[in-house]
Amino acid sequence: MQNRFRFYLQLGFTLLVCAFLVVPVVLSMLAGVTENFFVGLSSGLTLRWVAQVWEMYQPTIWRSLIIALACLVVTLVAGVPLAYMLARYRGGHSRLARVIEELLMMPVAVPGLATALALIMAYGQLREFRASILFILVGHVIFTLPFMVRPVLAVMQSSQLAQLEEAAASLGAGRMRRFFGIVIPNAASGILAGALMVVTLSIGEFNITWMLHTPLTQTLPVGLADAYASMRLEVGSAYTLIFFFMIIPLLIGMQWATQATRKKVSL
Amino acid sequence: MKPKQEAVSIRLQQCAKSFANGTRALQPLDLDIHPGETLVLLGPSGCGKTTTLRMIAGLEFPDEGGRVFFGDEDVTALPIEKRGVGMVFQNYALFPNMSVGENIAYGMKIRKIPAGERAERVERLLEMVHLQGLSHRRVDQLSGGQKQRVALARALAMEPRVLLLDEPLTALDAKLREAVRSDLNKLLRSLGITAIYVTHDQGEAMALGDRIVVMERGKISQIGTPREIYYHPANDFVADFIGAMNRVQGIVSGDRLLLPTGSLPLLDKLDAAQQGQQACALFRPEDVEVVDVTEADAQCVRGKLLNTFFLGDRTRFEIEIGTERPVIAETSRRGWWEAGQQIAIRVPAEALVKLAPRAEKETA
């Protein structure tokens, strides 16, 4: 009897928490397909708003995707070797590694606004650069780099990976060969986890981007703010809907990839 | 598979190792390893045995002034990938992203050995370690014993000058350890390769080593064959670390050592100056003869049985004879003994262990 009561209590609490998380999202998504949000669902469902957003803001969506992918490439190329060097410097766990790791985290703690202002002060004079999406890319890389370095560093610091490398060295493999043949494949779980974070953070990034963008370099979240500020609530909500449709398959796909590599290479 | 080159000797000359934080892991150390022998580095954790092995491997470098030679070649400055050594690790260190065959072929691929010959050699190596037909298995589908065999095959694939084994059997369970140890022993003998084997397990050291180096706190305590080390330990540390050792104190009287409840023979007749002085006798548990009290004579020491441990193939006793620590005795006789009963022991003179003279330790 008491067990039963406890079960329902737990179930109720779980549902409450779920509702707390899900209800606003569902409301927002519903708003995007409602004829008139203030009248309510009785006004009827429509895809009009979605179509309007698609027409108006399509470039911001592609731009966000391109920036996210470019950001991923840059953080991979810069972050993975950096994590490797930090993990191997003086046998790992050196003070330098800790200091650099903390420094990398700084842009996460500092308000995005401040980071963006610093970038504008440093590079604002370079007109071409300032006006291109490369400028936004720089902001995103600064913000997301620690999210690549940390999980990769954690895997690379494992004593087991260090030993695999020693084994490869004993078989005659030089540093480059060990890095590409042994370290990268066996650190794949960390690299994928990092990649997942970098892509999602870059797609959703608002603070830095909002300061850095020009009317011609709007990204999706900036466009979203624009839509909510200057247009009907339904349009903004439809925009959110599109964002969800974009990000959810991406998240599931990367989650699946991470799991698949974890299973294949269990360190 | 015979190694291509003749077995190589290894010489460490004044090799010391300090770590970044200033701790001395290894005192300056000289060591000569004969071509083709299996040398075991034995000691408790933190004694410097692994550091010594890693210095020979080229994974650590000795402090200024230390030199490492393979034969006549000075390899001190060479990193591990240039030394031509094969290495087997405690946790196998097989590459999880490759199959068994790819693991074994990794070194050959680096040396650009043609694919056909590679496959052939992988087969031969698998056969050598009794794993025929497992070439395509994934590494995580192997048992611990199989993994260690693959690691061994991989280390031998490039026909290394030296084989280095870092506690290779520690991760295996007891029964498997014995089986792999026996195979390893046969393999090392048949290859005639110079091998260095690190372990903290004295049983392993005795079974595998042509010679054993006992290490303690960054120094060599003794170098010798298993017999020398067991029967003639150089000092108290070796005596206690290798096997079990009884140590009783008594007073010298004639050619006997007087104890509270009897006397033991003395190894040598001590000179007159030592008569009446305190002295120590060392002997192994298996050399203690357990005697029924009713049959005890003047050569015996009487005592009380504190504990018996039935170990299957033998029985171990703890016997209180009025000395500081109880005496440990072992017998393979069958019988029934009970804690608390009176008992006597006899130790033959030839069973007493004499510590090797100091001089040997100095030159070691």
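Keep in mind that this is a model prediction, so the values were computed, not measured.

A.B. asks: Explanation requested: the overall build of chain B in the structure shown.
C.D. replies: Within chain B one finds nine helices and 20 strands. Based on the C-alpha atoms only, the size of chain B along its principal axes is roughly 75 × 50 × 40 Å. Look at the contacts in chain B between residues 6 or more apart in sequence, and 66% of them connect residues 24 or more apart.

A.B. asks: Before we go on, may I ask you to explain unusual backbone geometry in this structure?
C.D. replies: Note: most peptide bonds trans; most residues except glycine with negative phi. Phi is positive for B:Tyr92, which is not a glycine, with a value near 70°. Note on placement: B:Tyr92 falls in the loop between strand 6 (85-88) and helix 2 (100-110).

A.B. asks: Even after reading the chapter, I still don't get the interface of chain A and chain B, so can you show me in this structure?
C.D. replies: Quoted interface sizes are often the accessible area lost when the parts come together. If you look at the interface, chain A gives 20 residues, while chain B gives 20 residues. Only helix 7 (159-170) and helix 8 (175-186) of chain A provide two or more residues apiece to the side of chain A that touches chain B. Element by element, the count of residues in the side of chain A that touches chain B is highest for helix 7 of chain A, at eight residues. Class assignment for the residues of the side of chain A that touches chain B results in ten nonpolar, seven polar and three charged.

A.B. asks: Can you help me understand the sheet that holds strand 1 (residues 10-18) of chain B in this one?
C.D. replies: Strand pairing within a sheet occurs via backbone hydrogen bonds; the two strands may be parallel or antiparallel. Residue and element names in this part refer to chain B. The strand order across the open sheet formed by four strands is 2-1-4-5, and the pairing between neighbours is antiparallel. Here the strands that pair on one side only, and so sit at the sheet edges, are strand 2 (24-33) and strand 5 (73-74). One ladder, built from four bridges, connects strand 1 with strand 4 (residues 67-70); its direction is antiparallel. Of the residues in strand 4, the one forming a bridge with leucine 12 is valine 68.

A.B. asks: Help me understand the UniProt feature "domain: ABC transporter" (unreviewed entry) in chain B in this model?
C.D. replies: When the UniProt feature table is mapped onto this chain numbering, "domain: ABC transporter" (unreviewed entry) sits at residues 10-242 of chain B. Regarding residues 10-242 of chain B, the helix share stands at 36% and the strand share at 24%, and the terminal C-alpha atoms are separated by 26 Å.

A.B. asks: Explain the packing of helix 6 (residues 133-156) of chain A against helix 9 (residues 188-204) of chain A here, please?
C.D. replies: Each packed pair of helices is defined by two parameters, the angle between the axes and the distance between the axes. Residue and element names in this part refer to chain A. Orientation of helix 6 relative to helix 9, taken along the N-to-C sense of each, is 160°, at an axis distance of 8 Å. The angle between the axes of helix 6 and helix 9 places the two elements in the roughly antiparallel class. The element helix 6 and its partner helix 9 pack so that their crossing is right-handed. Contact residues: helix 6 offers His140, Phe143, Thr144, Phe147, Met148, Pro151, Val152, Ala154 and Val155, while helix 9 offers Ser189, Gly190, Ile191, Ala193, Gly194, Met197, Val198, Leu201 and Ser202.

A.B. asks: What exactly am I supposed to notice about the pairing of strand 6 of chain B here?
C.D. replies: If a strand is regular, its side chains alternate between the two faces of the sheet. Residues and elements named next belong to chain B. Side-chain alternation along strand 6 places Val85 and Met87 on one buried face and Gly86 and Val88 on a second face that is also buried. Examined bridge by bridge, strand 6 and strand 7 (residues 162-166) share four bridges and lie parallel to one another. Across the sheet, valine 88 pairs through a bridge with leucine 165, a residue of strand 7.

A.B. asks: How should I be thinking about the nonpolar core in this particular structure?
C.D. replies: Side chains that are nonpolar tend, in soluble globular proteins, to be buried together. Core analysis: the largest hydrophobic core is formed by 153 residues, its most contacted members being A:Val152, A:Met156, B:Leu164, B:Ile196 and B:Val213. If you tally residues by element for this core, the top one is helix 6 of chain A, at 15 residues. The contacts of B:Ile196, once residues within four sequence positions are left out, are B:Ile33, B:Leu39, B:Leu41, B:Leu53, B:Ile56, B:Val162 and B:Leu164.

A.B. asks: I tried to follow the sheet that holds strand 8 (residues 194-199) of chain B on my own but got confused; where do I start?
C.D. replies: Residues and elements named next belong to chain B. The strand order across the open sheet formed by six strands is 6-7-8-3-9-10, and the pairing between neighbours is mixed. Whereas interior strands pair on both sides, the edge strands pair on one side only; in this sheet they are strand 6 and strand 10 (219-224). Sheet twist, expressed as the mean angle between neighbouring strand axes with direction ignored, is 15°.

A.B. asks: Quick question: what am I supposed to make of the pairing of strand 1 of chain B here?
C.D. replies: All names here are of chain B. Direction of pairing for strand 1 relative to strand 2: antiparallel, over a ladder of six bridges. In the sheet register, arginine 11 faces strand 2, and the bridge partner there is aspartate 32. A loop of five residues connects strand 1 with strand 2, the two strands running antiparallel in sequence, and glycine 22 in this loop sits at a positive phi of about 95°.

Thresholds, definitions, all that
Residues numbered from 1 in each chain as written. Chains lettered and ligands numbered in written order. Predicted model: local features only at pLDDT ≥ 70, side-chain atom pairs only at ≥ 80, totals over all residues. Helix = DSSP H or I, 4+ residues; strand = E, 2+ residues; numbered from the N terminus. Contact = placed C-beta atoms within 7 Å. Nonpolar A, V, L, I, M, F, W, Y, C, P; charged D, E, K, R; others polar. Pairing = 2+ DSSP bridges. UniProt positions renumbered as here; feature names shortened; annotations may be inferred. Axes fitted to C-alpha atoms, helices over the stretch in contact; angles between N-to-C directions. Parallel < 35°, antiparallel > 145°, perpendicular 65-115°, else oblique. Left-handed = near helix turned anticlockwise from the far one by under 90°. Buried ≥ 20, exposed ≤ 12 C-beta atoms within 10 Å, placed from the backbone. Core = buried A, V, L, I, M, F, W, Y, C linked by C-beta atoms within 7 Å.

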